[in-house]
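# Coordinates in review
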Amino acid sequence: MSRPLHRGVSIRIPESNNDLWDSQSKDKTEKEGLDRRGSFGHPSPLRSPFGLLFSDNSNSKPGITENGFSSDPFIIGTPRSRHKLVLLFLKFSLVFIVILALAGSFWWTILISTASRGHIYHGYRRLQEKLISDLLDIGEISYAPSRLKELEFCSQDFENYVPCFNVSDNLALGFSDGNEFDRQCNHELRQNCLVLSPSNYKIPLRWPTGRDIIWVANVKITAQEVLSSGSLTKRMMMLDEEQISFRSASLMFDGVEDYSHQIAEMIGLRNESNFIKAGVRTILDIGCGYGSFGAHLFQSQLLTICIASYEPSGSQVQLTLERGLPAMVASFNSKQLPYPSLSFDMLHCARCGIDWDRKDGILMIEADRILRPGGYFVWTSPITNARDQDNQKRWKFIQSFAENLCWEMLSQQDETVVWKKTSKRSCYSSRKNSSPPPLCGKGYDVESPYYRELQNCIGGTHSSRWISVKDRETWPSRDHLNKKELAIFGLQSDEFAEDSENWRAAVRNYWSLLSPLIFSDHPKRPGDEDPPPPYNMLRNVLDMNAHFGGFNSALLQAGKSVWVMNVVPLSGENYLPLIQDRGYVGVLHDWCEAFPTYPRTYDLVHAAGFLSLEFAQQRRCTMLDMFIEIDRLLRPEGWIIIRDTVPLIESARALTTRLKWDARVVEIESDSDQRLLICQKPFFKRQAN
């Protein structure tokens, strides 16, 4: 019996005629079957556009003649063979074209990558970084709250963590000569965890009780450190097992009341309550001890802000803020302070630990820069009454340098000296032999000195804000700047008045929302009236985007017992000089860096338009980074008020779940494109070991 013929299979020769006939009949039948299966079982190459290129030749059958022999498909002469030859030629042509195209494309790619490899690489890196940034933003903003993972709490070592102030790291990086205590944020790694309170932390007492009594467990200071202190303000503290009591109205001879009364008399005033009449409203207290000087002057409507260097164990700044008094970490060492020129009416330094004769008097130049014309510099130090030759030499240098700065010595009593800065620019040109230091040029005399290197020239003389403290309105009239003062900042009176009115209305609304009722799932029924929160429920307030300082002004006009740290972001317009001229305190700051203060130091953090300002441009930090910093600054049970556009508020609302904040979105007006996000930080207690 014969088998169906296939290419490459040998042909069996029949042995007889019957076999030949049987073979021919069977082969004819099988051929017809094969033709039918080929028509219905497999698609024709013409029916599939890829059949010509990818058909399987092993399944194609050669022609079968009637005599049973295989016909050669390559024999030219029959129409069928010519048709197959044409198809085969088309196959090879298409394959050749594809190979040629691929080779050309490969060669073109090599040429391009060789000619501009650097440009392509950097462009790819930029696209990759942009893609990663966008993906992070999308992941941060668009995830539903239920899918966001809550942040973990930091370890116990971070209870009093202040970023950017790491002395050991600064020493390792080569900082010395006191610069190791300076603020260094560039090499700092972000801590993506929430700073937890000490195990025995207690909610601070309300103002004004909290000014004189604080909880020991809330600050990083020991009883031994308090008792071993020798400064006059630290000696006024009394310590028991749980509380530190400050006797700011002490009847001691060297108490703060007698001390401030002495300073007033040296200026020519009857007592410290007359500082306001002499044009004094804002005071920078350098190395403030524990803030007792500013606490005493507060009752005379004087606003004193304390600055001191970072202290790893026990801090003047931390304790001052715990008392509800303005303070921040800053120092006279190698960088300018983040305040504009001509910011303060008085500078006070009582045994503050600063050697004013160091670095050829450059620290005194910085003090002069931030002091207003006609302002006062008060210094209490044993050097002023020294008997040894070294200290007497230092004292003579300071006296001579103060004269070159056009400071007039008003009086000296015991260890205390009071100078008055000149209010006349002509004084500098009339100095003997053009005595150093020189005046700064306009390029150096700027209003936004964000931790610049100290300048060895006198600043502020080119400023249009050069106005003597006696020529300014006294407080509280100073809060309302006149047309001439507003013109310095390019503002009109109606614009300023409208801003003030808007903030007065906003404060009324805010205050009614600062209550746990805002987080109740069962809101009060119409007609039910609840008493508003007490006026003194908040004390320390941080405004992240202060603008004109209108929020600060509205709080005081509403009778709230608060002080406000007005922060002007570097990314926005610098209205900090205007805020300082109104009689408030504030600071320039980059919110992609940590704020220079200790944890748990503010009762309320306010941010109006802050998110729109910060995220209208490409930032090197995320919204979550900023919120983690807010959480560090905020006291347990403290409040956050964010006012911004609806999309940004929704994005911020999604992040509050990760921070464990209680949060509600509140509609301002039905037709407004802005919303309020009201949050409260819960009080999580650390388990005692």
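A brief report on the enclosed structure follows. (Residues numbered from 1 in each chain as written. Predicted model: local features only at pLDDT ≥ 70, side-chain atom pairs only at ≥ 80, totals over all residues. Heavy atoms only, no water.)

## Comments concerning the overall build of the chain
Each helix and strand in the chain was counted, giving 20 helices and 17 strands. Taking all 689 residues of the chain together, the buried fraction comes to 48%. Pairs at least 24 apart in sequence give 71% of the contacts found in the chain among residues at least 6 apart. Per element, the accessible surface of the chain, about 35,600 Å² overall, is 54% carbon and sulfur. (Helix = DSSP H or I, 4+ residues; strand = E, 2+ residues; numbered from the N terminus. Buried < 20%, exposed > 50% of the residue type's maximum accessible area, 1.4 Å probe, protein only. Contact = heavy atoms within 4.5 Å. Areas by Shrake-Rupley, 256 points an atom, 1.4 Å probe, with all protein chains shown as cover.)

## Here we look at unusual backbone geometry
Omega for the bond connecting Pro436 with Pro437 falls within 30 degrees of zero, at 0°, which places this linkage in the cis form. Its place among the elements puts Pro437 in the loop between helix 13 (426-429) and helix 14 (483-488). Backbone torsion omega between Trp475 and Pro476 reads 10°, so that peptide bond is classified as cis. Assignment of secondary structure puts Pro476 in the loop between helix 13 and helix 14. Of note in the backbone geometry, Leu342 takes a positive phi value of approximately 60° without being a glycine. With respect to the element layout, Leu342 can be found in the loop between strand 6 (327-329) and strand 7 (344-350). The phi torsion at Cys406 lies on the positive side, around 65°, for a residue other than glycine. Within the secondary structure, Cys406 sits in the loop between helix 12 (389-404) and strand 9 (407-413).

## Some remarks on the packing of helix 19 (residues 623-633) against helix 20 (residues 646-656)
Running from N to C, helix 19 and helix 20 cross one another at 60°; their axes reach a closest spacing of 11 Å. Compared by their axis directions, helix 19 and helix 20 come out oblique. With respect to the hand of their crossing, helix 19 and helix 20 are arranged in right-handed fashion. For the pair helix 19 and helix 20, contact is made by Met623, Leu624 and Phe627 and by Leu648, Ser651, Ala652 and Leu655, respectively. In the contact of helix 19 with helix 20, the residues fall into 6 nonpolar, 1 polar and no charged. (Axes fitted to C-alpha atoms, helices over the stretch in contact; angles between N-to-C directions. Parallel < 35°, antiparallel > 145°, perpendicular 65-115°, else oblique. Left-handed = near helix turned anticlockwise from the far one by under 90°. Nonpolar A, V, L, I, M, F, W, Y, C, P; charged D, E, K, R; others polar.)

## A word on the side chain of Ser435
Along the polypeptide, Ser435 turns up in the loop between helix 13 and helix 14. For Ser435, a relative accessible area of 15% puts it in the buried group.

## Focus: the state of the cysteines
The tally for this structure, following the rule as stated, stands at 7 disulfides. Sulfur-sulfur distance for the disulfide between Cys154 and Cys193 comes to 2.0 Å. The sign of the 100° torsion about the S-S bond sets the Cys154-Cys193 disulfide as right-handed. Placement of the pair is Cys154 in the loop between helix 4 (117-142) and helix 5 (167-172) and Cys193 in the loop between helix 5 and helix 6 (209-212), with a sequence separation of 39 residues. We classify Cys193 as buried; its relative accessible area is 13%. (Disulfide = S-S within 2.5 Å.)

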